[in-house]
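Structural features, examined
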Amino acid sequence: MKAQNKILTWQQAEEYVKEQKKQGKSVAFTNGCFDILHAGHVSILEFSRNQADVLVLGINSDASVKRLKGPTRPINTQEDRALVCASLQAVDAVVVFDQDTPYELIKLIRPDVLVKGADYKEEDVVGREFAGKVALYPILEGRSTTNTIKKAAQK
(Lines give C-alpha, C1' and ligand atoms only; values in the text may rest on other atoms or scores of the structure.)
Protein backbone atom coordinates (compact mmCIF):
# COMPACT_ATOMS: atom_id res chain seq x y z
CA MET A 1 0.00 0.00 0.00
CA LYS A 2 1.24 3.50 -0.82
CA ALA A 3 2.24 5.51 2.23
CA GLN A 4 -0.12 8.36 1.27
CA ASN A 5 -3.07 5.94 1.48
CA LYS A 6 -2.23 5.16 5.12
CA ILE A 7 -2.87 8.78 6.18
CA LEU A 8 -6.46 8.87 7.41
CA THR A 9 -8.99 11.44 8.58
CA TRP A 10 -10.55 10.88 11.99
CA GLN A 11 -13.67 9.42 10.40
CA GLN A 12 -11.61 7.11 8.18
CA ALA A 13 -9.57 6.03 11.21
CA GLU A 14 -12.72 5.20 13.17
CA GLU A 15 -14.04 3.12 10.26
CA TYR A 16 -10.64 1.47 9.70
CA VAL A 17 -10.34 0.39 13.35
CA LYS A 18 -13.92 -0.92 13.41
CA GLU A 19 -13.23 -2.95 10.26
CA GLN A 20 -9.98 -4.37 11.67
CA LYS A 21 -11.74 -5.40 14.89
CA LYS A 22 -14.60 -6.91 12.90
CA GLN A 23 -11.98 -9.08 11.17
CA GLY A 24 -10.77 -10.22 14.60
CA LYS A 25 -7.60 -8.13 14.60
CA SER A 26 -6.28 -6.28 17.63
CA VAL A 27 -5.37 -2.60 17.31
CA ALA A 28 -2.55 -0.73 19.03
CA PHE A 29 -2.26 3.06 19.22
CA THR A 30 0.66 5.30 20.05
CA ASN A 31 1.28 8.96 19.39
CA GLY A 32 3.82 11.76 19.30
CA CYS A 33 5.25 14.64 17.34
CA PHE A 34 7.69 12.53 15.28
CA ASP A 35 9.36 15.73 14.11
CA ILE A 36 12.78 14.38 13.11
CA LEU A 37 12.61 10.61 12.88
CA HIS A 38 15.29 8.83 14.94
CA ALA A 39 16.05 5.37 16.38
CA GLY A 40 13.88 6.02 19.44
CA HIS A 41 10.87 6.64 17.19
CA VAL A 42 11.49 3.54 15.11
CA SER A 43 11.92 1.43 18.26
CA ILE A 44 8.67 2.54 19.88
CA LEU A 45 6.79 2.06 16.60
CA GLU A 46 8.11 -1.48 16.22
CA PHE A 47 7.36 -2.22 19.88
CA SER A 48 3.84 -0.81 19.44
CA ARG A 49 3.20 -2.88 16.32
CA ASN A 50 4.33 -6.01 18.17
CA GLN A 51 1.61 -5.41 20.77
CA ALA A 52 -1.22 -5.97 18.25
CA ASP A 53 -2.09 -6.94 14.70
CA VAL A 54 -2.48 -3.34 13.55
CA LEU A 55 -0.81 -0.05 14.58
CA VAL A 56 -2.54 3.31 14.33
CA LEU A 57 -0.20 6.26 14.93
CA GLY A 58 -1.46 9.64 16.10
CA ILE A 59 0.71 12.59 15.05
CA ASN A 60 0.45 16.05 16.62
CA SER A 61 -0.48 18.75 14.11
CA ASP A 62 1.92 21.62 13.46
CA ALA A 63 -0.11 23.92 15.75
CA SER A 64 -0.10 21.30 18.51
CA VAL A 65 3.68 20.77 18.23
CA LYS A 66 4.25 24.53 18.38
CA ARG A 67 2.16 24.78 21.57
CA LEU A 68 3.97 21.82 23.17
CA LYS A 69 7.55 22.37 21.97
CA GLY A 70 7.80 26.11 21.34
CA PRO A 71 7.84 28.57 18.42
CA THR A 72 10.76 26.99 16.53
CA ARG A 73 9.04 23.62 16.18
CA PRO A 74 8.09 21.60 14.31
CA ILE A 75 11.05 21.34 11.96
CA ASN A 76 9.02 19.28 9.45
CA THR A 77 5.40 19.92 8.50
CA GLN A 78 2.62 17.62 9.66
CA GLU A 79 2.16 16.43 6.07
CA ASP A 80 5.84 15.48 5.81
CA ARG A 81 5.89 13.86 9.26
CA ALA A 82 2.74 11.86 8.50
CA LEU A 83 4.10 10.67 5.15
CA VAL A 84 7.48 9.62 6.57
CA CYS A 85 5.81 7.67 9.39
CA ALA A 86 3.24 6.13 7.03
CA SER A 87 6.09 4.80 4.90
CA LEU A 88 7.36 2.68 7.80
CA GLN A 89 6.48 -1.01 7.74
CA ALA A 90 5.41 -1.03 11.40
CA VAL A 91 2.74 1.64 10.83
CA ASP A 92 -0.64 0.67 9.36
CA ALA A 93 -2.39 4.03 9.64
CA VAL A 94 -1.54 7.63 10.58
CA VAL A 95 -3.97 10.21 11.93
CA VAL A 96 -3.12 13.86 12.64
CA PHE A 97 -4.67 15.46 15.73
CA ASP A 98 -4.74 19.16 16.61
CA GLN A 99 -5.26 18.89 20.37
CA ASP A 100 -2.41 18.88 22.88
CA THR A 101 -3.22 15.25 23.76
CA PRO A 102 -4.76 12.43 21.72
CA TYR A 103 -7.56 11.93 24.29
CA GLU A 104 -10.44 12.56 21.87
CA LEU A 105 -8.83 10.45 19.13
CA ILE A 106 -8.27 7.54 21.54
CA LYS A 107 -11.86 7.90 22.74
CA LEU A 108 -13.03 7.71 19.11
CA ILE A 109 -11.05 4.69 17.95
CA ARG A 110 -10.84 2.75 21.26
CA PRO A 111 -7.65 0.73 20.64
CA ASP A 112 -7.04 -2.62 22.27
CA VAL A 113 -3.56 -1.52 23.34
CA LEU A 114 -2.36 1.99 24.14
CA VAL A 115 1.44 2.37 24.03
CA LYS A 116 3.49 5.10 25.69
CA GLY A 117 7.10 5.47 26.73
CA ALA A 118 8.06 4.17 30.16
CA ASP A 119 8.74 7.74 31.26
CA TYR A 120 4.96 7.73 31.89
CA LYS A 121 3.22 5.90 34.73
CA GLU A 122 0.27 3.82 33.56
CA GLU A 123 -2.17 5.89 35.63
CA ASP A 124 -0.93 9.06 33.86
CA VAL A 125 -1.45 7.78 30.30
CA VAL A 126 -4.07 9.92 28.59
CA GLY A 127 -7.03 7.96 27.25
CA ARG A 128 -6.16 4.74 29.07
CA GLU A 129 -9.83 4.28 30.04
CA PHE A 130 -10.73 3.77 26.36
CA ALA A 131 -8.11 1.08 25.70
CA GLY A 132 -8.08 -2.59 26.61
CA LYS A 133 -4.61 -2.27 28.15
CA VAL A 134 -1.62 0.04 28.40
CA ALA A 135 1.86 -1.10 27.35
CA LEU A 136 4.87 0.96 28.43
CA TYR A 137 7.91 1.01 26.16
CA PRO A 138 11.37 1.25 27.76
CA ILE A 139 12.81 4.38 26.15
CA LEU A 140 16.19 4.48 24.44
CA GLU A 141 18.31 6.90 26.45
CA GLY A 142 19.61 9.99 24.68
CA ARG A 143 17.35 9.58 21.65
CA SER A 144 15.11 12.60 21.17
CA THR A 145 14.37 15.18 18.54
CA THR A 146 15.40 17.93 20.97
CA ASN A 147 18.82 16.26 21.43
CA THR A 148 19.17 15.85 17.65
CA ILE A 149 18.44 19.55 17.09
CA LYS A 150 20.91 20.59 19.82
CA LYS A 151 23.61 18.35 18.35
CA ALA A 152 23.04 19.73 14.83
CA ALA A 153 23.25 23.32 16.13
CA GLN A 154 26.69 22.61 17.64
CA LYS A 155 28.20 21.63 14.28
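It should be noted that the structure appears before, not after, this text.
Of all six residues that make up strand 2 (residues 27–32), six are buried, and the element is covered over most of its length. Alternating residues of strand 2 divide into Val27, Phe29 and Asn31 and Ala28, Thr30 and Gly32, and every residue in both groups is buried. Bridge analysis of strand 2 against strand 3 (residues 54–60) gives six bridges, and the strand direction is parallel. Note on strand 3: the bridge partner recorded for Ala28 is Leu55. Following the chain from strand 2 across helix 2 (residues 39–49) to the adjacent parallel strand 3, one finds a crossover that is right-handed.

Glancing now at the side chain of Ser61. Tracing the backbone shows Ser61 in the loop between strand 3 and helix 3 (62–69). Of note is the side chain of Ser61, whose polar atom sits 3.2 Å from the backbone nitrogen of Ser64. Excluding residues within four positions of it along the chain, Ser61 makes contact with Gln78, Arg81, Val96, Phe97 and Asp98.

What counts, and at which threshold
- Residues numbered from 1 in each chain as written.
- Predicted model: local features only at pLDDT ≥ 70, side-chain atom pairs only at ≥ 80, totals over all residues.
- Heavy atoms only, no water.
- Buried < 20%, exposed > 50% of the residue type's maximum accessible area, 1.4 Å probe, protein only.
- Helix = DSSP H or I, 4+ residues; strand = E, 2+ residues; numbered from the N terminus.
- Pairing = 2+ DSSP bridges.
- Right-handed = clockwise from strand over helix to strand, strands pointing away.
- Polar contact = N/O pair within 3.5 Å; in protein donor to acceptor, adjacent residues only side chain to side chain.
- Contact = heavy atoms within 4.5 Å.

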